[in-house]
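Examination of the molecular architecture
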Amino acid sequence: MLPTMLHLTDWLVIAGGLAAIGWVWWYFFLAQSGASSDQLR
Amino acid sequence: MTTTAKPTVPETPSPAPMTGTTERIVIPVTGMTCAACQGRVQRTLSRTPGVVDAAVNLMTANATVAYDPGATSPATLVEAVRRTGYGAELPSSDRTAFEEQAARDAAQVEEFRVLRAKAITSVVAGVLAMVLSMPLMGVADAGHHGAVADPFMRWAMESLEPALRAAAPWLYAVPAPALSWTLLAVTVGVMAWAGRHFYARAWTAFRHHSADMNTLVAVGTGAAFLYSVIATVAPGFFLARGVAPDVYYEAVIVIIALVLTGNAFESRAKRQTATSLRALADLQPKTARVVRDAAEVDVPVEVVRSGDVVVVRPGERVAVDGQLESGESAVDESMITGEAIPVLKRPGDRVIGGTINRTGAFRYRATTVGADSVLAQIVKLMRDAQGSRAPIQRLADRISAVFVPVVVSLAIATFVAWFVAVHSGGAGGGEAAVRAFAAAVAVLIIACPCAMGLAVPTAVMVATGKGAELGVLIKGGEALQRAGDVSTVVLDKTGTVTEGRPTVTDVVVVPGAALGGDDVLRLAASLESSSEHPLADAVVRRARERGLALEAASGFRSVTGRGVEGHVSGDRVAVGSRDFVRELGVDPAPLDTDAERLATAGRTPVHVVVNGALAGLVAVADPIKPGARDTVRRLRQMGLDVVMLTGDDERTARAVAREAGIERVVAGVLPEGKVAEVKRLQGEGHVVAMVGDGINDAPALARADVGIAIGTGTDVAVEAADVALMRGDLAGVADAIRLSRRTMRTMKQNLFWAFAYNVVGIPVAAGALYPAIGLLLSPILASAAMAFSSVSVVGNSLRLRRFRGTA
């Protein structure tokens, strides 16, 4: 029922939020090990 | 706050292969503010090639690194720390513990001074911003220009607005854009000066794919600031979308002011946790009066050398450690040993630097000076202990490492949820964005993990300092935590429960004999003065105490383990066991009843034979220490099992145990047997504290979960021990365990509150209670709560300063 009430803006905000969270996790957890070895090279 | 200076460190050659040896270095690190910062420096150091182990302490602001000197160098390690965005410098090796402590104190005072100045300025700027914002509210009501967006600030300012309107009506005549731009300028000023380190450190952390408390403050205030700038520069953008161009300037300033105020309080409280250590370091006198060319001269204490003769007058402090040569005095050693009663010092006795000479003048020869002195060793030991980590800390570390990304994700989720909820509830997209934005900022601000980072180290710091005041040196957080878990206390007998020095307790003469008690003692002592046996020493000492004139023995003969015989001024005298007497053809029977009675009481009866006839008995015993019985009772009241270990025979051991109130006794144990006994108890599931003198008990002390070395006041560096008692009495054992238990309780409370605060605070800030009771945290209240949580954790640790010893 909820999805039918959502406006396009809401969907955009949800998609943007998920993308932002995904990026945060990628940046701080997955990309971290590579960065550390760069840092120490 | 300390700024991160970055002088270049000389380049080091590329790492050589590992050599297998390990060196240890303590690198001072500046700029760490929370558990996440600490975790970041620690991770970086641990990953540096050649590093065996790295431990970073937030409280003492240093990193202890074990490394392979063949694979890396101190300069490389310093550079690795600097690349994480924090300040680091090579430790100077020639500084004493006192100088290091003084330098750290000075740095802490400076840090507090700077933080306080920044906090006060920000608070003033915050008030100014509120005043400037008030006239804007009226304007904004007309749908014209930016008003106050933060709900709490709006409420506060609406309450104050009539008063301002009456007091400064001219302010309402200033054009709204002028007020807005002034607010923008004030905010930029506060962010750039007072809050600069938040942004600089957050950025450095970000570049290294890491985040800490600064990230949360920077992202929260930064987002609020950017939003407000747009509202000021292009209000039309908002108005065109039906949203009032509200601003968050005063919220940004007040958040920075509150976080800084919290940091300043925290800095001062951290300084207070080191009070005991500072007091110890301050004991070291600056000058000493030494004898040079037969004249007394005052010289700086640093130039006193081992072997110098030092003069001390009544009321003066003893400058360095040494051995008394002439004179006699009572010396107050309470600052080192916790012993309240001044100790009488005679020629030959040791004196400790930093203690106070009370009654007489004396001269002594300096023995240990500088970094080797007892006081310097205590200060160093305390510094190391306070910089060490309790195992419980790992919990806080693990959580804080993933904390910030999780919080940022939660803040984004909060924004999305609020936006969708408000928007689909019929509000415009603009209103939805504003409310979602406030909730997301509140989540970022409230989630600062500072309290978590402080929970354990502050407690370790206060507890070790308090212990030192009581003469209980606890060598670090791990020892503290284990001592808190102890279930069984194993006491060594000799030197721990007892004085460790046999003393004559009874002299019995054969009924009807011509010789009196003093005659028997005099003859026995004259003969025994040629013997090396510990019991002989007791007999001779007692005879001297009674003022008996001893004579030299001739024809001395010793039968190992049995007795001695010889001639004393024409009398033929023999002293020894019952068997020895029988071997000499003398009947010991007349004194058998007395001998049995004494042996049952734990005393060793020695038979004295004069000219072939039994003359009497001298009983020798190692008396239990005064207060030993009280301590044993107290330990048992604390729910601890008390066991006594001894190499003595069962009967003597039982007698001593009975006197001390100990029920469990393991007698006839050889030194290596003590280790096995400790192991056996551990195997039964007990957490064992072994109490011994630290010399022949060293293996058992090391094997036990907690090794407690009972000291003579100078054995600070007993390696095998986790806890060193500066005083010889047993009361310190109960104090150490009580203090550790209380500290563990404090740590757990701290961790609970730090976690609970985040667990409760984040959902409330995200608006979890809004649907039910309409409660929503303003970012400003969130920052106040965050500052309060850190201060409350440090305050809880400081309560440990009220701990009282039993002595």
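Computed from a prediction, not measured in an experiment: that's the story for all the values here.

Turning to the overall build of chain B, a few remarks are in order. When helices and strands are counted, chain B shows 28 helices and 26 strands. Looking at chain B residue by residue over its 807 residues, the buried ones come to 55%. Within chain B, contacts between residues at least 6 apart in sequence are counted, and of these 71% link residues at least 24 apart. Approximately 32,600 Å² of chain B is accessible, and the part contributed by carbon and sulfur atoms is 58%.

A few words now on the sheet that holds strand β9 (residues 329–332) of chain B. Residues and elements named next belong to chain B. The three strands lie next to each other as β10-β9-β12, forming an open sheet whose pairing is antiparallel. One side of each edge strand has no neighbouring strand; the edge strands of this open sheet are β10 (343–345) and β12 (356–357). Bridge count for β9 against β10 is three bridges, and the pairing is antiparallel. For S329, the partnering residue across the bridge sits in β10 and is K345.

Our next topic: the packing of aromatic side chains. One pass over the full model with this rule turns up 13 aromatic pairs over all chains. Where W23(A) meets Y27(A), the ring centres are 5.0 Å apart and the plane angle is 20 degrees; that geometry is what we call stacked. In this pair, W23(A) and Y27(A) both sit in helix α2 (residues 8–30), four residues apart, roughly one turn of the helix. One aromatic cluster is present, built from ring pairs that chain together W23(A), W26(A), Y27(A), F28(A), W203(B) and F206(B). Over the ring of Y172(B) we find R165(B), and its NZ or CZ is 4.3 Å from the ring centre.

All names here are of chain B. Tracing the backbone through its elements, the reader meets N796 in helix α28 (residues 779–798). With a relative accessible area of 13%, N796 lands in the buried category. Within the local environment of N796, its side chain forms a polar contact with the side chain of N750, the two groups lying 2.7 Å apart. Here N796 is in contact with T746, Q749 and N750, once residues within four sequence places are set aside.

Turning our eyes to something else, we now look at the interface of chain A and chain B. Counting residues at the interface gives 23 residues for chain A and 26 residues for chain B. Buried area between chain A and chain B, summed over both chains or domains, comes out near 2,200 Å², and the portion from carbon and sulfur atoms is 72%. Between chain A and chain B we count zero salt bridges in total. Run the count over chain A and chain B and you get three residue pairs in polar contact (both at pLDDT 80 or more). It is α2(A) that provides the largest number of residues to the side of chain A that touches chain B, a total of 13 residues. Class assignment for the residues of the side of chain A that touches chain B results in 15 nonpolar, six polar and two charged.

The side chains of a regular strand alternate, residue by residue, between the two faces of the sheet. Residues and elements named next belong to chain B. Among the six residues in strand β18 (residues 563–568), five count as buried, and that is most of the element. Direction of pairing for β18 relative to strand β19 (residues 571–576): antiparallel, over a ladder of six bridges. Paired with G563 across the strands is G576, a residue of β19. Connecting the antiparallel pair β18 and β19 is a turn made up of two residues, with S569 showing a positive phi of about 40 degrees.

Residue and element names in this part refer to chain B. Every buried residue of helix α22 (residues 628–637) is accounted for by A628, T631, V632 and L635. Across the axial projection of α22, the buried residues extend over an arc of 100 degrees, all falling on one side. On its buried side, α22 packs onto β15 (488–492), α17 (493–497), β22 (641–645), α23 (650–660) and α26 (731–766). Of the residues trailing α22, G639 is marked for its positive phi of about 85 degrees.

This part takes up the confidence of the model for chain B. The pLDDT averaged across chain B works out to 82; a share of 89% of its residues lies at or above 70. At the level of chain-chain contacts, confidence expressed as ipTM amounts to 0.82, with global pTM at 0.68.

Next up on the list: the sheet that holds β18(B). Residue and element names in this part refer to chain B. One open sheet accounts for six strands, arranged β16-β21-β20-β19-β18-β17; its pairing is antiparallel. On the outer flanks of this sheet lie β16 (503–509) and β17 (553–559), each paired with one strand and no other. Each adjacent strand pair in this sheet contributes to an overall mean axis angle of 20 degrees, direction not counted. Relative to strand β21 (residues 613–621), β16 runs antiparallel, the two sharing six bridges. Counterpart to D506 in the pairing with β21 is A619.

Moving on to a nonpolar patch on the surface. On the surface, W25(A), V402(B), V406(B) and L410(B) cluster together into a nonpolar patch covering about 300 Å² of accessible area. The biggest single contributor to the nonpolar patch is helix α13 (residues 393–424) of chain B, with three residues. Within the fold, W25(A) resides in helix α2. When its relative accessible area of 38% is taken as the criterion, W25(A) is described as partly exposed.

We now examine the environment of A176(B). As for its placement among the helices and strands, A176(B) is situated in helix α5 (residues 176–193). Separated by 44 residues in sequence, A176(B) and L132(B) place their C-alpha atoms 9.7 Å apart.

What follows is about the packing of α22(B) against α23(B). Residue and element names in this part refer to chain B. Put simply, α22 and α23 touch, their axes get as near as 8 Å, and they point 75 degrees apart. Classed by the angle they form, the pair α22 and α23 counts as roughly perpendicular. Counted together, A628, R629 and V632 of α22 and R658, E659 and A660 of α23 form the full contact between these two elements.

Attention now goes to α23(B). All names here are of chain B. Residues T652, A653, A655, V656, A657 and A660 constitute the buried set of α23. Taken together, the buried residues of α23 touch α17, α21 (592–600), α22, β22 and β23 (664–666). At the exit of α23 stands G661, carrying a positive phi of roughly 80 degrees.

Let us look at the confidence of the model for chain A. Of the residues in chain A, 63% reach a pLDDT of 70 or more, and the chain-wide mean stands at 72. pLDDT under 50 marks residues 33–41 of chain A. Its contacts with residues more than four places away, or in other chains, come to twelve contacts.

Conventions used here
Residues numbered from 1 in each chain as written. Chains lettered and ligands numbered in written order. Predicted model: local features only at pLDDT ≥ 70, side-chain atom pairs only at ≥ 80, totals over all residues. Heavy atoms only, no water. Helix = DSSP H or I, 4+ residues; strand = E, 2+ residues; numbered from the N terminus. Buried < 20%, exposed > 50% of the residue type's maximum accessible area, 1.4 Å probe, protein only. Contact = heavy atoms within 4.5 Å. Areas by Shrake-Rupley, 256 points an atom, 1.4 Å probe, with all protein chains shown as cover. Pairing = 2+ DSSP bridges. Phe/Tyr/Trp six-rings, centres within 6.5 Å; stacked < 30°, edge-to-face > 60°. Lys NZ or Arg CZ within 6 Å of the ring centre and 35° of its normal. Polar contact = N/O pair within 3.5 Å; in protein donor to acceptor, adjacent residues only side chain to side chain. Buried area = accessible area lost by both parts, 1.4 Å probe. Salt bridge = Lys/Arg side-chain N within 4 Å of Asp/Glu carboxyl O. Nonpolar A, V, L, I, M, F, W, Y, C, P; charged D, E, K, R; others polar. Arc of directions from axis to C-beta. pLDDT = per-residue confidence, 0-100. Axes fitted to C-alpha atoms, helices over the stretch in contact; angles between N-to-C directions. Patch = residues over 30% accessible without salt bridge, like charges linked within 9 Å, V, L, I, M, F, W, Y side chains within 5 Å. Parallel < 35°, antiparallel > 145°, perpendicular 65-115°, else oblique.

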